Amino acid sequence: QPEVVLIALAAGSLLGWLVAMRVNMIQIPAMVAFQHGAGGVAAFLVSFVELTRVAGPGMAKASGLLGLIIGAVTFSGSLIASGKLANVIKQPPVVLPKHSWWIIGLMVLLCLVGFAASPAQGQALINYLLVLIVLSVLLGLTFSIRIGGADMPVLISFLNATAGLAAAFCGIIIQNRLLIACGATVAASGSILTHVMCKAMNRNLLKVFIGFQPRPGQ
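What you see is a predicted model, and the numbers here were worked out from it, not measured in a lab.

1. Considering the side chain of arginine 146
Inference 1: As for its placement among the helices and strands, arginine 146 is situated in the loop between α5 (122-145) and α6 (152-173).
Inference 2: For the buried arginine 146, which has no salt bridge, the nearest side chain bearing the opposite charge is aspartate 151, at an N-O separation of 10.0 Å.
Inference 3: Side-chain polar atoms of arginine 146 contact the side chain of serine 100, separated by 3.1 Å.

2. Some remarks on helix α7 (residues 177-200)
Inference 1: Taking 1.5 Å per residue as the helical rise, α7 with its 24 residues ought to reach 34 Å, and the 34 Å between its terminal C-alpha atoms agrees with that figure.
Inference 2: Where α7 is concerned, the buried positions are Gly183, Ala187, Gly190, Thr194 and Cys198.
Inference 3: The elements touched by buried residues of α7 are α6 and α8 (205-210).
Inference 4: You can read the cap of α7 off the contacts: a side-chain oxygen lies 3.1 Å from the backbone nitrogen of leucine 178, and it is on asparagine 176.
Inference 5: Where α7 terminates, the next one or two residues include asparagine 202, which has phi positive at roughly 55 degrees.

3. Some words on the side chain of glutamate 50
Inference 1: With respect to the element layout, glutamate 50 can be found in helix α2 (residues 28-51).
Inference 2: For glutamate 50, a relative accessible area of 17% gives the class buried.

Conventions we followed
- Throughout this description, residue numbers start from 1 for each chain and increase along the sequence as written.
- In view of the model being predicted, local features appear only for residues whose pLDDT reaches at least 70, and side-chain atom pairs are presented and counted only at 80 or more, with totals across whole chains, interfaces and linings using the full set of residues.
- Each side-chain value is derived from all of the structure's non-hydrogen atoms; neither hydrogens nor water enter the calculation.
- In this description a helix means any DSSP run of H or I spanning at least four residues, a strand means any run of E spanning at least two, and both kinds are numbered starting from the N terminus.
- Partly exposed describes any residue whose relative accessible area lies between the buried limit of under 20% and the exposed limit of over 50%, with all areas from a 1.4 Å probe on protein chains only and scaled to the type maximum.
- In this tally, Asp and Glu contribute negative charge and Lys and Arg positive charge; neither His nor the terminal groups of the chain are included.
- Only one rule defines a salt bridge in this text: a Lys or Arg side-chain nitrogen within 4 Å of an Asp or Glu carboxyl oxygen.
- Two N or O atoms form a polar contact when they lie within 3.5 Å of each other; inside protein one atom must be a possible hydrogen donor and the other a possible acceptor, and for residues adjacent in sequence the pair counts only when both atoms belong to side chains.
- Expected span of a helix, by definition, is 1.5 Å for each gap between consecutive residues, and there is one gap fewer than residues.
- Contacts: residue pairs with any heavy atoms within 4.5 Å of one another.

In structure tokens form, the structure reads like this:
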């Protein structure tokens, strides 16, 4: 209903203004990372709601699943990035034992559960979606925690791109062309910015995302 939308818009705008006014220049990167996470959580929540209304498998449902997964990954990854930039989490990279295998395993599980969720309906679909959200959040945490130090700007610009991509997929399932266009624009600009930052810092994009050289046994 229009009244609910206007109230939510006013409340969100007021909250955003209050938060932004309390942030100093040093905290701006952390706030930007948090805002990317907010965009991700908005995308996966809308996708979650719309997926429960889609009749059956198809382009809309596939887009909703992708929006949910990418949005949840962006949300958790952005929280890690924001925490590191705010010194809530230690900034150096954290390399877990068999870190790359954890990431690969989570991605494989996401693909399997996503395919299983495509034809599902009712309570079974909701269960699959909840599992997808948990796996996506774990993937975002595992992916982002291994990046730190001077590579944080690259991570933030990459999360900017994934937030836009999630919004674009969300736009497909709700059939909103403006959201699709804006999300795709943000995804494209964020991808270009990520590449440019790596070039400016003389860093290899793949090496940044793979992580620092692991210690022996990791």
